[in-house]
Each structure stands twice: as C-alpha cells, then as structure tokens.
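# Structure at a glance
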Amino acid sequence: MDYLPLFHKLKAQPVLLVGGGQVALRKAKFLLRAGAHIRLVAMEINTELAELLSTEEHVILKRLYQSSDIDDVMLIIAATNDRDLNTQISADAFSQNIPVNVVDQPELCSFIFPSIVDRSPLLIAVSSGGKSPVLARLLRARLETFIPSAYGALADFLGSFRAKVSKKIGDFTLRMRFWEKVINGPVAELLLAGKADQAKAVLEVMLENSDSEVAAQGEVYLVGAGPGDPDLLTFRALRLMQQADVVLYDRLVSQQILNMTRQDAEKIHVGKQRQLHTMPQENISNLLVTLAQEGKRVLRLKGGDPFIFGRGGEEIEKLAEAKIPFQVVPGITAASGCSSYAGIPLTHRDYAQSVVFVTGHLKGDRSDLDWRHLVQDNQTVVFYMGLISLPLICEQLIKHVRSAETPAALIQQGTTPNQKIFTGTLSSLPAIIKANKVQAPTLIIVGEVVSLHAKLAWQ
C-alpha cells in the first residue's frame, strides 16, 4: 500500500492553491465542498474561479508565487503547467511538512486526490495511487450506481443516536451487534423509504429493550477462499468475512484475500504444510469452540473448498458437539479453479466421462491409494498435494497399466499471477518437474483432457 487513505477536515481551514486555469477551478470546487478557505495565487485567473472565490473568507493574490505563501496553511495544491514552479512549491511544502499535491506529477506529491462517492457524511474514496486516475473514476462510477443517495441521510440518522446507544450499551461487541441489527433491519428500511419518524420510534424501542436481549451469541463461519484469485470468492463469503470478529486462516489464503476481512478483526494464522504444523488440527477445532463460546463471530478461512481435502468436516463435528451455531460457505476447489485457468476441462465428451479427486500425500514413503480404480479409461484423475509424491504417482499408474504416454500436467499456484503449467506424460513429467524449481501449492491432472491445454489455454 503506497498511500494511507485519510479524510482531512478542512472546514474553515486555510489552503493554498497555486494556478488560475481550469484545473485550478476543478480543485477549488473540490476544496469548497469541504469548507476550505482558499488562498489563490496566480498571474492569470479564470473568470469563473475568481467569482467562486469572491467572498471574504478567500484571498486572491494576482502575482507570482512566493515561498512565503505557504505560511500558515494546512494544505497546498499546485495546479500550474510550469514544471519548475511546481517543483519549487513541492520543495517548499516538504521543507515545512505541509501536505502537498501537484496535479499530474505524483512524484512531487505527499498526498493525492481520490475519486469520491459523496453521500455526505458517508464518503467512499477510490484511488489507483496516481497510476491510473481514469480507472479510479471508472470504479467510482460503478459504485455510484448501487449506493443509494439516501445513505447519507441514514448515516446522519444513525449518528444522532450514537451517544445514546454508547451510553446504554457499554460492551463493544454487544453494541456492534445492536448497530448491525439496526442497519440490516426495519429501521434502515423505514429511513430509506423516507419515514424518519417511524424509523426513530422503532429504534427507540429497540434501544429500550436492549437490556433484555441475550448476550452475544458466538458463531463460526467455515468459508472456502477458493484457489487463490480473490475474484473467485462468493458474495456470501465476502459478506461473512466482513462480519467476523476473529479470523483463523490457512497458509493458502493470500494476503489479498485476507485484506478483504474486517480490518479490526483479530487474525490468527493456523496454516499447515508438509511436516510443519503451525497449530495441530485438534487445537484449531478446540479454538473455534472456545472463541465462539466467548461470544465471538469466528471466520475459519480455508483455501479452496473446506469440504474437499480441507478437514472442514472434522471442525464442524466439534462445533456440532458443543452446540455452536455455524455456517458453511463452499469455495471453488483447486481442481475446478486450476484446471479452468489452465484450459484443461476435467470432463469432455470425447476424452473423459468421469473425474476423480484424490490426495497425493504420502504416508511415510508410500501411498495406500486404490490404484486399480485410478487407471480407468475415459477418466480424469486429479491429485491434490502431490508435488513430493509425483514420481511415485506416475510410477504406480504405469505399473497398474495406465499408458506411460497418458498426458499429465502439474499446475503451480493456479489462478494466481504466479501460475505455471508443466505438461508431459506419465513417463516424462517427473523429469520435467525435477528440472524446474516448482513451488507448492500444486495440482496434478492425469488424463487425455490434458492434451487440450495447448489449444484451450487462455491465461
């Protein structure tokens, strides 16, 4: 993150704006919406800009910029087309630790202007870090289409009750649950429908009866995070990720996906990999129970799908025994996600009428898989976690009469920017992988469908 998003209070505060053209006009309109008092410096000034700043709280200096112009201002904006002047203004600002923005010269800026969705007092800022303002504006436009204008009134309404609710409900978790119930319930619906008096009456009743409500009930959300690409998360997964008080996540959950959880949620890494367990499975299951019994909403975030080699069943067994409420949100499993991104259909009318998912984990130096059932004709076999055991897998399939020339692929870190695809046959793939630096997580696909990769690859 190159920039920390902040909201700067500028009401009645002095701001220096250097420049008198159309760009300066746009910035001035932006600043005036925040209530700033503008000190404008420019040799030539746009007529509309001059009229806009004609009231007594603003100052217009029709002359060249001087270093002393930055004295006693909270913010500086350079909106000129003179690069030398912009550089001087930026240097003056940095020397006094005053935030400065130089239009279209991000290297001279200490802050940048985001694209804003304005539902005052509710504000949503979108920024590309100065890399692509057009993209930021496009995203803002999309947000504008599904955020009702009445949300500003809703924010004002809720704010008018904030002190009263804080006084009545002292516990932070209970207070947060109360507000969520208000926002997701009839109070918000009434307010958005323009029935403010009815909304107020309902909220007053809810607050009055808050003492009689049962203490916060803990719950666990078992959520599949998919194979890696954040775009593959479900809407329900995103909603629950934003509600959780505590997040227990695996090593396969990317930082991008973890960043989509509630920012103030406690985050606990419980990842496991071969011969290295951050936390034993039994401890993870017990921790889920303990946290929920404390009244917390717990997100158990797993790579892929929690019910496909994710040990999700073991965890919810413990929850069921302890009578802890839980929800399960499926994720796109690695077999589906990685094969799709590799252009390898798992089934195809001409090549495979069935598909089998198996774990490639070795027990010691051997595997107890039922190899006879994995060598059927017109069948695709997908091995999870099989990087270490790849030579054994290929050897055993050939030994059990699967042709040594059967196409096979290993997909590294599928659906992510680091995705790599290695293809060969059962006889050649182990040597191909040995010759390359392959990193987990990986997925192995065996079957005639792999031959379609070259034709259907789109990533």
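Each residue is numbered by its place in its chain's sequence as written, counting from 1. Owing to the predicted nature of the model, reporting of local features is limited to residues with pLDDT of at least 70; listing and counting of side-chain atom pairs is limited to 80 or more, with chain, interface and lining totals taken over all residues. Here the side-chain values reflect all heavy atoms present in the structure, with hydrogen atoms and water set aside.

## Some points on the overall build of the protein chain
What counts here: Put simply, DSSP H or I for four residues or longer makes a helix, DSSP E for two residues or longer makes a strand, and each gets a number counted from the N terminus. We compute the radius of gyration from the C-alpha atoms alone; for a globule the expected value is 2.2 Å times N to the 0.38, where N is the number of residues. Note on exposure labels: buried denotes an accessible area under 20% of the residue type's maximum, exposed denotes more than 50%, and partly exposed covers the range between, all computed with a 1.4 Å probe on protein chains only. Note on contacts: a residue pair qualifies if any of its non-hydrogen atoms lie within 4.5 Å across the two residues. We get accessible surface area from the Shrake-Rupley algorithm with a probe of 1.4 Å; when it comes to residues, only the shown protein chains can shield them. Here Asp and Glu are counted as negative and Lys and Arg as positive; His is not counted, and neither are the chain ends. Taken as the charge centre is NZ of Lys, CZ of Arg, CG of Asp or CD of Glu, depending on the residue.
A count of helical and extended segments in the protein chain gives 17 helices and 19 strands. Compactness check: the protein chain gives a C-alpha radius of gyration of 30 Å against a globular reference of 23 Å for 459 residues, more than 25% above the reference. Classification of the 459 residues of the protein chain by burial places 43% in the buried group. Long-range pairs, those at least 24 residues apart, make up 62% of the contacts in the protein chain with a sequence separation of at least 6. For the protein chain, the exposed surface amounts to about 24,800 Å²; the carbon and sulfur share of it is 53%. If the 48 positive side-chain charges of the protein chain are averaged to one point and the 47 negative ones to another, these points end up 3 Å apart.

## Some points on the sheet that holds strand β16 (residues 379-384)
The test is simple: For two strands to be treated as a pair, DSSP must find at least two bridges joining them. Fitting a line to C-alpha atoms yields each axis, with helices limited to the stretch in contact; the angle taken between N-to-C directions then spans 0 to 180 degrees.
Taken together, the five strands give an open sheet; going across it, the order is β15-β16-β19-β17-β18, and neighbouring strands pair in mixed fashion. Edge positions in the sheet fall to β15 (354-359) and β18 (420-425), since each has one partner strand and no second. Each adjacent strand pair in this sheet contributes to an overall mean axis angle of 20°, direction not counted. Two elements, β16 and strand β19 (residues 442-446), share four bridges in a ladder whose sense is antiparallel. When the sheet's bridge partners are listed, V382 is paired in β19 with I445. Contacts from helix α14 (residues 334-342) reach β15, β16, β17 (407-412), β18 and β19, with the element oriented near 75° to β19.

## Details of the sheet that holds strand β4 (residues 75-78)
Taken together, five strands build an open sheet; the order of strands is β3-β2-β1-β4-β5 and the sheet is parallel. Single-partner strands in this sheet number two, and they are β3 (59-61) and β5 (100-102). Between one strand and the next, the sheet's axes are offset by a mean angle of 15°, whatever the strand orientation. Against the sheet, helix α3 (residues 83-95) contacts β1 (14-18), β4 and β5, and its axis sits at roughly 165° relative to β5.

## A closer look at the packing of aromatic side chains
Quick reminder of the rule: Each aromatic pair joins two rings of Phe, Tyr and Trp (for Trp, the six-membered one) with centres within 6.5 Å, and gets the label stacked for planes under 30 degrees apart, edge-to-face for over 60, and tilted for any other angle.
For the structure shown, the criterion picks out eight aromatic pairs. Ring geometry for F157 versus F161: centroids 5.4 Å apart, planes at 50°, classification tilted. Given a relative accessible area of 11%, F157 falls into the buried group. Here the aromatic cluster, defined as three or more aromatic residues joined through ring pairs, consists of F30, F111 and F113.

## Some details on the packing of helix α7 (residues 172-183) against helix α9 (residues 196-208)
Cut-off, in case you're wondering: Reported orientations rely on four angle classes, namely roughly parallel under 35 degrees, roughly antiparallel over 145, roughly perpendicular from 65 to 115, and oblique for the rest. In a left-handed crossing the near helix is turned counterclockwise from the far helix by less than a right angle, and in a right-handed crossing that turn is clockwise. Ten residue types, Ala, Val, Leu, Ile, Met, Phe, Trp, Tyr, Cys and Pro, are classed as nonpolar, four, Asp, Glu, Lys and Arg, as charged, and the remainder, Gly among them, as polar.
Viewed as axis vectors pointing N to C, α7 and α9 meet at an angle of 150°, and their least axial separation amounts to 11 Å. As summarised for this structure, α7 and α9 are arranged roughly antiparallel, according to the angle between their axes. Considering the relative orientation of α7 and α9, their crossing is right-handed. Across from F178, K181 and V182 in α7, the residues of α9 making contact are L203, M206 and L207. Split by residue class, the contact of α7 with α9 holds five nonpolar, no polar and one charged.

## Topic: a nonpolar patch on the surface
Under the convention used in this document: By definition, no residue in a patch forms a salt bridge, and every one has over 30% relative accessible area; like charges are joined within 9 Å, nonpolar side chains (Val, Leu, Ile, Met, Phe, Trp, Tyr) within 5 Å. Within this document, salt bridges are pairs made up of a side-chain nitrogen of Lys or Arg and a carboxyl oxygen of Asp or Glu, the two lying within 4 Å of each other.
A cluster of nonpolar side chains, contributed by F309, V355, F357 and M385, occupies part of the molecular surface with about 300 Å² of accessible area. For F309, the position within the fold is in the loop between β13 (297-302) and α13 (312-321).

## Some words on α14
Burial analysis of α14 places seven of its nine residues in the buried class, the great majority of the element. Among all positions in α14, only A334, A335, G337, C338, S339, Y341 and A342 are buried. Of the surrounding secondary structure, the elements contacted by the buried residues of α14 are β15, β16, β17, β18, β19 and α17 (453-456). Positive backbone phi, approximately 70°, marks G343, located one or two places after α14.

## Description of the nonpolar core
Where we set the bar: Put simply, buried Ala, Val, Leu, Ile, Met, Phe, Trp, Tyr and Cys residues joined by side-chain atoms within 4.5 Å make one nonpolar core.
Counting 19 residues, the largest nonpolar core has F383, L397 and L410 as the members making the most contacts within it. If one sorts the elements of this core by residue count, helix α15 (residues 390-399) sits on top with four residues. Beyond its immediate chain neighbours, meaning those up to four positions away, F383 contacts V358, L369, W371, L374, I393, L397, L443, I444 and V446.

## Examining unusual backbone geometry
Note the cis peptide between S120 and P121, where omega equals 5°. With respect to the helices, strands and loops of the structure, P121 is situated in the loop between β6 (115-119) and β7 (122-126). Between A440 and the following residue, P441, the backbone shows a cis peptide bond with an omega angle of 5°. Among the structural elements, P441 can be located in the loop between α16 (429-434) and β19. Even without glycine at this site, D104 takes up a positive phi of about 65°. Along the chain, the position of D104 falls in the loop between β5 and β6. Positive phi, normally seen in glycine, also occurs at N378, with a value near 55°. Residue position: N378 is located in the loop between β15 and β16.

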